[in-house]
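# Working through the structure, step by step
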Amino acid sequence: MTDGAAHESMFTIEATPVKFGAGAAHDAGWEMRRLGGQRVFVVVDPEVLARGVARPVLDSLAEAGLDTVLYSEVETEPGLAALERAVAAAREARPDAFVAVGGGSAIDTAKVANLLYTHGGDIMDYVNPPVGRGLKPPSPLRPLLAVPTTAGSGSEATTVAILDLPDLKIKTGISHRALRPAQALVDPELSRAAPGAVIASAGLDVVCHAAESFLSRPYTSRPRPTSPDERPPYQSSNPVADLWSAQALRYGGQYLRRAVASGDDTKARGLMMLSATMAGVGFGSAGVHIPHACAYPLAGLRHTYRDPGYPGDKNFVPHGFSVIVTAPAAFRFTFDADPAKHLQAATCLTGRSYAPDDRDALPRALLELMRDVGAPSGVAALGYGEPDIPALIDGAFKQQRLLAVAPKQPSRDDLERIFRESLHNW
């Protein structure tokens with residue numbers, strides 16, 4: 001351990017209470033009563049609502065006698081305008097608690113609506129610097145009950161809400177411990193209706209969350225904060241986060257292919273949902289870094305990509321796909337920081353053993369998984385070419401909050417090499 005006088009000497013263990021298993025959604029009313037909610041603002045993904053997936057939650061809230069206000073104008077990969085509409089609706093509804101039903105977009109929308117309703121101000125006041133002002137909520141938010149319907153973002157367990165800023169051609173986020181939901185209900189039955197492409201992208205996001213967290217710099221390598229208030233939510237690799245992240249990698253390797261192949265395979269989809277929560281706990285403590293930093297400009301710079309497997313007609317790069325395309329090159333770059341741990345991550349994902357100097361072990365394992373679940377083949381498949389690399393580097397380099405977590409700090413030249421290697425992964 002490094003010198004505690006100059007470096008961090010502690011880490012924080014925090015996690016959302018989670019109820020997991022078939023039928024968990026039917027406990028929504030009881031849980032909300034326990035949390036003290038009476039008038040509840042319910043944020044539901046419109047596709048989830050249309051397919052009847054939210055019905056167990058809505059029925060349970062009604063049976064508990066709760067006064068509910070339903071909000072379903074959720075946008076996939078929400079932008080600033082979409083989040084502002086949700087904030088306005090929450091302010092008009094004047095709830096004392098929130099429920100979110102859907103994927104990461106729905107849960108993040110509820111987080112932002114809760115934050116702004118509780119503490120006022122504008123969204124950009126709370127967005128991470130240097131894009132926003134980075135203000136911190138002065139006190140806890142209203143209770144939020146999160147009910148995920150995909151096996152992906154882990155937002156039910158994290159302190160983060162992500163938003164798209166098309167005018168700035170970038171994605172960014174709000175991060176604070178106050179955003180973490182008060183309770184999560186993870187019910188495998190709710191994932192049956194999700195299309196395979198949604199499960200693929202979400203599941204690859206899980207794998208990246210887990211790998212980036214597992215391979216982040218040691219928490220003892222970070223400078224000690226000047227006060228407890230300055231300790232960041234992303235505190236880098238630590239023994240507890242590593243346990244969650246390693247198991248999420250194992251489940252991703254064992255079950256993602258099956259989860260994509262069939263909605264009726266509720267064991268595979270359920271364990272991927274559980275792995276999403278596990279990875280959310282892991283990266284919620286340790287953090288994510290280079291692949292996510294690269295993903296934000298890939299998703300925000302241009303809005304022309306349309307994945308044929310996604311519902312709706314919005315042009316966007318699904319988050320998990322934007323993250324995974326640069327992950328093989330990113331982990332090839334970080335290998336020297338801790339070769340043994342990179343090989344351990346590869347073994348968690350595949351169950352195989354590797355030679356001590358095999359820097360391509362983890363990239364190879366990721367590429368195999370990407371191919372098998374139908375991920376885009378690289379940055380070029382998302383509509384970008386070599387002329388776009390300088391702008392992509394600029395966007396990634398703005399994500400210093402994330403890059404600071406990397407086990408090996410990338411220069412602009414390093415990021416250029418990562419983007420170039422990622423243009424065509426196969």
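This text gives an overview of the structure that appears in the document. (Residues numbered from 1 in each chain as written. Predicted model: local features only at pLDDT ≥ 70, side-chain atom pairs only at ≥ 80, totals over all residues. Heavy atoms only, no water.)

## Concerning the overall build of the chain
Secondary structure summary: the chain contains 17 helices and eight strands in total. The C-alpha atoms of the chain give a radius of gyration of 20 Å, which matches the 22 Å a tight globule of 426 residues would have. Taking the principal axes of the C-alpha coordinates as reference, the chain spans close to 60 × 50 × 40 Å. Residues counted as buried form 60% of the 426 residues belonging to the chain. The contacts in the chain between residues at least 6 apart in sequence include a share of 78% that link residues at least 24 apart. Split by element, the accessible area of the chain, about 15600 Å² in all, is 52% carbon and sulfur. (Helix = DSSP H or I, 4+ residues; strand = E, 2+ residues; numbered from the N terminus. Rg over C-alpha atoms; globule rule 2.2 N^0.38 Å. Buried < 20%, exposed > 50% of the residue type's maximum accessible area, 1.4 Å probe, protein only. Contact = heavy atoms within 4.5 Å. Areas by Shrake-Rupley, 256 points an atom, 1.4 Å probe, with all protein chains shown as cover.)

## Let's talk about the environment of Asp-414
Note on placement: Asp-414 falls in helix α17 (residues 412-422). Classification of Asp-414 by relative accessible area gives buried; the value is 14%. What Asp-414 contacts, discounting residues up to four positions off in sequence, is Phe-333 and Gln-409.

## Things to note about the pairing of strand β6 (residues 160-165)
Across the six residues that make up β6, a large majority, six, are buried. Judged by which residues are buried, β6 turns out to be covered on both faces: Val-160, Ile-162 and Asp-164 on one side and Ala-161, Leu-163 and Leu-165 on the other are all buried. With six bridges connecting them, β6 and strand β7 (residues 170-175) associate as antiparallel partners. Of the residues in β7, the one forming a bridge with Leu-165 is Ile-170. Between the antiparallel neighbours β6 and β7 lie four residues, among them Lys-169 with a positive phi of about 55°. (Pairing = 2+ DSSP bridges.)

## Thoughts on the sheet that holds strand β1 (residues 18-20)
Across the sheet, six strands lie side by side as β1-β8-β5-β4-β2-β3; this open sheet has parallel pairing. Each having just a single partner strand, β1 and β3 (67-71) make up the two edges of the open sheet. Neighbour-to-neighbour, the strand axes of the sheet open up by a mean angle of 15°, direction not taken into account. Running at roughly 165° to strand β4 (residues 97-102), helix α5 (residues 104-119) makes contact with β2 (39-44), β4 and β5 (144-148) of the sheet. This element, helix α9 (residues 266-285), spans β1, β5 and β8 (183-186) of the sheet and lies at about 170° to β1. (Axes fitted to C-alpha atoms, helices over the stretch in contact; angles between N-to-C directions.)

## Thoughts on the pattern of salt bridges
Counting across every chain of the model gives 31 salt bridges. We note a salt bridge from Lys-314 to Glu-75, for which the minimum N-O separation is 3.0 Å. Residue Lys-314 is found in the loop between α10 (290-300) and α11 (319-324), and its partner Glu-75 is found in the loop between β3 and α4 (80-93); the two are separated by 239 residues along the sequence. Look at Glu-75 and you get partly exposed, because its relative accessible area is 25%. As a salt-bridge pair, Arg-192 and Glu-189 come within 2.9 Å of each other at their nearest N and O atoms. Classification of Arg-192 by relative accessible area gives partly exposed; the value is 37%. (Salt bridge = Lys/Arg side-chain N within 4 Å of Asp/Glu carboxyl O.)

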